[in-house]
Amino acid sequence: MKYKIITSMLIAAGLLLSGCGEKKDPATMQDGTYTAQMSEYSHGWREFVTITVKNGEVVTAEYNAENSSGFIKSWDTAYMNNMKTVTGTYPNEYTRYYAAFLKGQKDVPEIDALTGASNSGANFKRLSDAVVNKAKQGDSTIAFVETEEKE
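All values derive from a computational prediction rather than experimental measurement.

*Asks:* What is the right way to read the pairing of strand 3 (residues 57-66) from this model?
*Replies:* The side chains of a regular strand alternate between the sheet's two faces. Across 9 bridges, the pairing between strand 2 (residues 46-54) and strand 3 is antiparallel. What sits directly across from lysine 54, in strand 3, is glutamate 57. The hairpin turn running from strand 2 into strand 3, its antiparallel successor, is 2 residues long, and asparagine 55 in that turn takes a positive phi close to 55°.

*Asks:* How should the side chain of glutamate 47 be read in this particular structure?
*Replies:* With respect to the helices, strands and loops of the structure, glutamate 47 is situated in strand 2. One buried charged side chain, glutamate 47, makes no salt bridge at all; its nearest oppositely charged neighbour is lysine 73, positioned 5.2 Å away. Separated by 2.5 Å, the side chains of glutamate 47 and asparagine 123 make a polar contact. Once residues within four sequence positions are removed from consideration, glutamate 47 is found in contact with Ala36, Gln37, Met38, Tyr63, Asn64, Ala65, Ser120, Asn123 and Leu127.

*Asks:* Any chance you could explain the pattern of salt bridges here in plain terms?
*Replies:* Oppositely charged side chains may form a pair once their charged atoms are brought near each other. Per the stated rule, a full pass over the model turns up 4 salt bridges. One salt bridge in this structure joins glutamate 57 and lysine 106, with 3.9 Å as the shortest N-O distance. Here glutamate 57, found in strand 3, pairs with lysine 106, found in the loop between helix 3 (91-100) and helix 4 (118-137); they are 49 residues apart in sequence, far enough to count as distant. Of the charged contacts, one joins aspartate 129 and lysine 125 as a salt bridge, the two residues approaching to 3.2 Å between their closest N and O atoms. With a gap of 4 residues between them, aspartate 129 and lysine 125 both fall in helix 4, about one helical turn apart. According to the relative accessible area criterion, aspartate 129 is partly exposed, its value standing at 35%.

*Asks:* Mind showing me how you'd approach helix 3 here?
*Replies:* Structural remark: α-helix, 3.6 residues per turn; residues separated by three or four positions point the same way. Pro91, Tyr94, Thr95, Tyr98 and Ala99 are the residues of helix 3 that are buried. Looking straight down helix 3, one finds that the buried residues subtend no more than 130° of arc, so they occupy a single side. Looking at the packing, one finds that the buried side of helix 3 touches strand 3, helix 2 (77-87) and helix 4.

*Asks:* Hey, could you run me through the environment of glycine 138 in this one?
*Replies:* Residue placement: glycine 138 occurs in the loop between helix 4 and strand 4 (143-145). Overall, the relative accessible area of 40% leaves glycine 138 in the partly exposed class. Taking C-alpha positions, glycine 138 is 8.6 Å from tyrosine 34, a pair spaced 104 residues apart along the chain. When residues no more than four places from it in sequence are discounted, the contact partners of glycine 138 are Gln30 and Tyr34.

The rules behind these values
Residues numbered from 1 in each chain as written. Predicted model: local features only at pLDDT ≥ 70, side-chain atom pairs only at ≥ 80, totals over all residues. Heavy atoms only, no water. Pairing = 2+ DSSP bridges. Helix = DSSP H or I, 4+ residues; strand = E, 2+ residues; numbered from the N terminus. Buried < 20%, exposed > 50% of the residue type's maximum accessible area, 1.4 Å probe, protein only. Lys, Arg positive; Asp, Glu negative; His and termini not counted. Salt bridge = Lys/Arg side-chain N within 4 Å of Asp/Glu carboxyl O. Polar contact = N/O pair within 3.5 Å; in protein donor to acceptor, adjacent residues only side chain to side chain. Contact = heavy atoms within 4.5 Å. Arc of directions from axis to C-beta.

Bear in mind that shape data such as this cannot, by itself, settle questions of function.
Below you can see the structure in the form of structure tokens.
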């Protein structure tokens, strides 16, 4: 009788432990926080995307840019006022617009460019690809994205 109980317990323990070494699906984002940023500054700003993943899904997403002193572009009211009159949008608006595409996603979504911020939209798409790739690898080091060459 003791032999059956001990054998049953060993089998149960073996089944529980066999799942511990299971490999993660490479198409699934790993839980954590990940960042991708442009490798260079453009017009004094370097754009970045930071996401937090939980249960394989993006739960927070931030898209913005910072200058060399770390000041965030969407906080610059003078820049906002100048850009809004010229393009009809401004950093605090378009960064939230683009970041919203990532929230709740399990992969890089299709992204619609916002009129007046299409260059930032293209950079956001490239940064999103890089940050989701880092999340799929479970690699929390910053991904640096090269500036696209203009022809």
